[in-house]
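Analysis of the macromolecular model
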2 protein chains.
Amino acid sequence: MKKISVKSPANIAFIKYWGQRDNKLILPYNDSFSMNLSGCTTRIEIETTDDPSLRKLYIREYKSTDFRESEGKTLDMIIKFADTAKRFLGKRRSPGFIIRSENTFPKKAGIASSASFFSALALGFSRMYESEPEEKELSILARLSGSGSACRSIPDGFVWWQKGTGSSSSYAYSLAPPAYWDLRDVVLILSREEKKVGSQEGHQSAITSNLYKERLYGLKKRMRLIRRAFENKEFSLFGRLVEADTVSMHSVMMTQNHGLFYWSGKTLDVIREILALRQKGTEGYFSIDAGENVHVICRGKDEGRIAGYFKTHPAVIDIIRNSPSVGARIIHT
Amino acid sequence: MKKISVKSPANIAFIKYWGQRDNKLILPYNDSFSMNLSGCTTRIEIETTDDPSLRKLYIREYKSTDFRESEGKTLDMIIKFADTAKRFLGKRRSPGFIIRSENTFPKKAGIASSASFFSALALGFSRMYESEPEEKELSILARLSGSGSACRSIPDGFVWWQKGTGSSSSYAYSLAPPAYWDLRDVVLILSREEKKVGSQEGHQSAITSNLYKERLYGLKKRMRLIRRAFENKEFSLFGRLVEADTVSMHSVMMTQNHGLFYWSGKTLDVIREILALRQKGTEGYFSIDAGENVHVICRGKDEGRIAGYFKTHPAVIDIIRNSPSVGARIIHT
């Protein structure tokens, strides 16, 4: 019996991942680019047991005081992932495990909670199997969890996920450490409701959108431009591209089978405020994942003003301030 | 002194016009495709006078009882257009005129009120100058009014506006008469507020969107597909393409300079209802112009059910039901 503790960040994608060309291997249609979030992390503790049939999950919800046992879909995914990790790491036997997980942020609300959780689990399971894979391998393993964007929470800071030509070349690597650029992500929580359609389901029908091919076409140029804006730290161009990519992804979501509209009236209100603030010289850019909450990407110098401004906004129920963060880490206690 | 009466429809575009490659000649970047609306019409009366300096405009607003004199921007545009029409039709002298205009629908709310008004004016001014240009020439003249989509309200029924290579080849023509296809446009009025940014201003900065080029790229295929769906009356495919084009245009609007967000929370609510109705077998597709109101494109057999459903919806303050309509017509009284 041993205990492994891992902490891993969620990440916000500047170039989004939406759509899978292979839903078994979780291979995306396009590269994506993200920043790990210092204020949105998952901490898990894995306690191994000698009884391989004992596999339990306890979750402490955001702002809750106690751990509750979780069964059903998430536990099934974990059990499957333990098996995937075993084979991936070339092991034969699997111990039993009890996992305790807690988040610093609400889950299933468009803040990649599955990314922080499954990246933590990828690292935790590796240690459980007494393996120390290289970062690249760990990123591939995290991807295979089913939550593709988990692979971006493994490396540090600013991270690029190359789509690759197959499983062994589809992984994420760090473009720059957290200290490279003083970016911030001020997350405006508008709702704690869980979204109705999970990302996994949405990824699979992305291709049914009549706008999907034009998104892929546009991405070629946008990826080139954002890499250059990142290298030169041209924030205004960078921000414009971040917004364009968000709108592009949502335009696909809205027009794919069963049209996914994640935005609410509050989302629109908050976006308008971000644009109005910009007109007045406080430069923030919106980014939205598969949920109604809004991320405001800004520089350190404007973080306080933006967070302060939205603190009293009627649509905003909570604010999480993030700096660029390292990736998944073992916590030595 | 004489009196000329003209009635002309607004139109709803299935493939939208957004962005001008020439803002003097009002030349668009892409072809567009629309249907004239039987229930959204402008009626104007032009009374000519011998005093060329007398140029007045009286407007009776939607659901108002009396005509009020209108000055400022709209009158300036009309005076300029009278001059454009004079030169276009090869005339030397211009009479004075008093124009009375009335709409069957709210203006500046994303129902092409400028299209019905300026197409009516193009026909009315032609008669004022004692000219009877061919439909093609009249369409070009309507385009030159400044409201480009007015050119689509000249021909009958289902109308294609070819972008052309220059002013003389950029005009609209009828693809099919109103009776060709039993389509309906159920307009859900969510607000009578006038929009803050006019279309003209928006058209000119469309190109600043990082998504504009990918829209143009996608349009090539979408135009081919929608032509074929129209020819074969494949309604489901047709509707999907209509929605895709709406979302594509709005994604450009949202990401162009000063980001135009025309949608409101009510717009999103109503869109979700349209999708939910579709799941239950009542097939309507949304289309949205530069405003928050929502057009539901459906077939005659579903019009009653859709209009009935939204009649009691809290976000909907009025409903206008439209069939395909003829274009601009002189009214003989």
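For the structure itself, consult the block above.
Residues numbered from 1 in each chain as written. Chains lettered and ligands numbered in written order. Predicted model: local features only at pLDDT ≥ 70, side-chain atom pairs only at ≥ 80, totals over all residues. Heavy atoms only, no water.

Considerations on the overall build of chain A
- Each helix and strand counted, chain A has 8 helices and 14 strands in total.
- Computed over C-alpha atoms, the radius of gyration of chain A comes to 19 Å, within 12% of the 20 Å expected from 2.2 N^0.38 for 333 residues, which places it in the range of a compact globule.
- Dimensions of chain A, computed from C-alpha atoms along their principal axes, come out at roughly 60 × 45 × 40 Å.
- Residues counted as buried form 60% of the 333 residues belonging to chain A.
- Considering only intrachain contacts with a sequence separation of at least 6, the fraction spanning at least 24 residues in chain A is 76%.
- Taking the 51 positively charged and 37 negatively charged side chains of chain A as two groups, their mean positions are separated by 3 Å. (Helix = DSSP H or I, 4+ residues; strand = E, 2+ residues; numbered from the N terminus. Rg over C-alpha atoms; globule rule 2.2 N^0.38 Å. Buried < 20%, exposed > 50% of the residue type's maximum accessible area, 1.4 Å probe, protein only. Contact = heavy atoms within 4.5 Å. Lys, Arg positive; Asp, Glu negative; His and termini not counted. Charge placed at Lys NZ, Arg CZ, Asp CG, Glu CD.)

Here's the deal with the relation of the copies chain A and chain B
- Of the transformation superimposing chain A on chain B, the axial component is 0.0 Å and the angular component is 180°, with the fit at an RMSD of 0.0 Å. The transformation relating the two chain copies, once decomposed into turn and shift, fits a two-fold axis. Distance from the rotation axis, computed per C-alpha, reaches its smallest value in chain A at Gly265(A): 1.7 Å.
- A high fraction, 97%, of the interface residues of chain A reappear at the interface in chain B, so the copies pair face to face through one surface. (Least-squares fit on C-alpha atoms with pLDDT ≥ 70 in both.)

Side note on the interface of chain A and chain B
- If you look at the interface, chain A gives 36 residues, while chain B gives 35 residues.
- Approximately 2700 Å² of surface area, both sides summed, lies buried where chain A meets chain B, with 60% of it carried by carbon and sulfur atoms.
- Looking only at chain A, the three residues that lose the most surface to chain B are Glu214(A), Arg240(A) and Phe261(A), adding up to 23% of its buried area.
- Here chain A is connected to chain B by 2 salt bridges.
- Here Glu214(A) and Arg222(B) are joined by a salt bridge, their closest N and O atoms 2.8 Å apart.
- Scanning the region where chain A abuts chain B turns up 14 residue pairs in polar contact (both at pLDDT 80 or more).
- When contributions to the side of chain A that touches chain B are tallied by element, the ones reaching two or more residues are helix H5 (212-231), helix H6 (235-255) and helix H7 (265-279) of chain A. (Buried area = accessible area lost by both parts, 1.4 Å probe. Salt bridge = Lys/Arg side-chain N within 4 Å of Asp/Glu carboxyl O. Polar contact = N/O pair within 3.5 Å; in protein donor to acceptor, adjacent residues only side chain to side chain.)

So, the pattern of salt bridges
- Evaluated as defined, the whole model comprises 38 salt bridges over all chains.
- Ionic pairing is found between Arg222(A) and Asp245(A), a salt bridge with its closest N-O pair at 3.0 Å. Of this pair, Arg222(A) sits in helix H5 while Asp245(A) sits in helix H6, placing them 23 residues apart in sequence. The same class applies to Arg222(A) and to Asp245(A), which are both buried.
- A salt bridge links Arg272(B) to Asp269(B); the nearest nitrogen and oxygen atoms lie 3.9 Å apart. Placement of both Arg272(B) and Asp269(B) in helix H7 (residues 265-279) is noted, with a separation of 3 residues, approximately one turn of the helix.
- Look at the salt bridges and you will find they share partners, linking Asp182(A), Arg184(A), Glu303(A) and Arg321(A) into a network.

Here we look at helix H8 (residues 300-311) of chain B
Residues and elements named next belong to chain B.
- In this model, H8 (12 residues) spans 17 Å end to end at C-alpha, consistent with the 16 Å of a helix rising 1.5 Å per residue.
- Turning to H8, its buried residues are Asp-302, Glu-303, Ile-306, Ala-307 and Phe-310. Looking straight down H8, one finds that the buried residues subtend no more than 135° of arc, so they occupy a single side. In H8, the exposed residues that point more than 90 degrees away from the buried face are Lys-301, Arg-305 and Lys-311.
- Buried residues along H8 sit against strand E10 (183-189), H7, strand E12 (294-299) and strand E13 (318-322). (Expected span 1.5 Å × (residues − 1). Arc of directions from axis to C-beta.)

Side note on the packing of helix H2 (residues 113-128) of chain A against helix H3 (residues 135-144) of chain A
Residues and elements named next belong to chain A.
- Axis separation between H2 and H3 bottoms out at 8 Å; the angle between their running directions is 120°. For the element pair H2 / H3, the angle class is oblique. The crossing of H2 and H3 is right-handed. Two secondary-structure elements touch here, H2 through Ser-119, Ala-122, Leu-123 and Ser-126 and H3 through Leu-138, Leu-141 and Ala-142. (Axes fitted to C-alpha atoms, helices over the stretch in contact; angles between N-to-C directions. Parallel < 35°, antiparallel > 145°, perpendicular 65-115°, else oblique. Left-handed = near helix turned anticlockwise from the far one by under 90°.)

Remarks on the sheet that holds strand E11 (residues 285-287) of chain A
Residue and element names in this part refer to chain A.
- If you trace the 4 strands from one edge of the open sheet to the other, you get E11-E12-E10-E13, paired in antiparallel fashion. Edge positions in the sheet fall to E11 and strand E13 (318-322), since each of these pairs with one other strand and no more. The sheet shows a mean angle of 25° between the axes of neighbouring strands, taken without regard to direction.
- Pairing between strand E10 (residues 183-189) and strand E12 (residues 294-299): 6 bridges, direction antiparallel. Paired with Leu-188 across the two strands is Val-294, which belongs to E12.
- The strands that H7 touches are E10, E11 and E12; relative to E11, the one it contacts most, it runs at about 155°.
- The sheet strands contacting helix H8 (residues 300-311) are E10, E12 and E13, and the helix crosses E12 at an angle near 145°. (Pairing = 2+ DSSP bridges.)

Side note on the packing of aromatic side chains
- In the structure shown here, the tally under the stated rule is 46 aromatic pairs over all chains.
- A ring pair is formed by Phe158(A) and Tyr180(A), whose centres lie 6.3 Å apart and whose planes are at 80°; its orientation type is edge-to-face. Taken together, the residues span a long stretch of sequence, with Phe158(A) in strand E8 (residues 158-161) and Tyr180(A) in the loop between strand E9 (172-176) and E10 at a distance of 22 residues.
- For Phe158(A), a relative accessible area of 0% puts it in the buried group.
- On the basis of relative accessible area, Tyr180(A) is assigned to the partly exposed category, the value being 24%.
- A centroid spacing of 5.8 Å and a plane angle of 50° characterise the contact between Phe81(B) and Phe125(B), whose relative ring orientation is tilted. (Phe/Tyr/Trp six-rings, centres within 6.5 Å; stacked < 30°, edge-to-face > 60°.)

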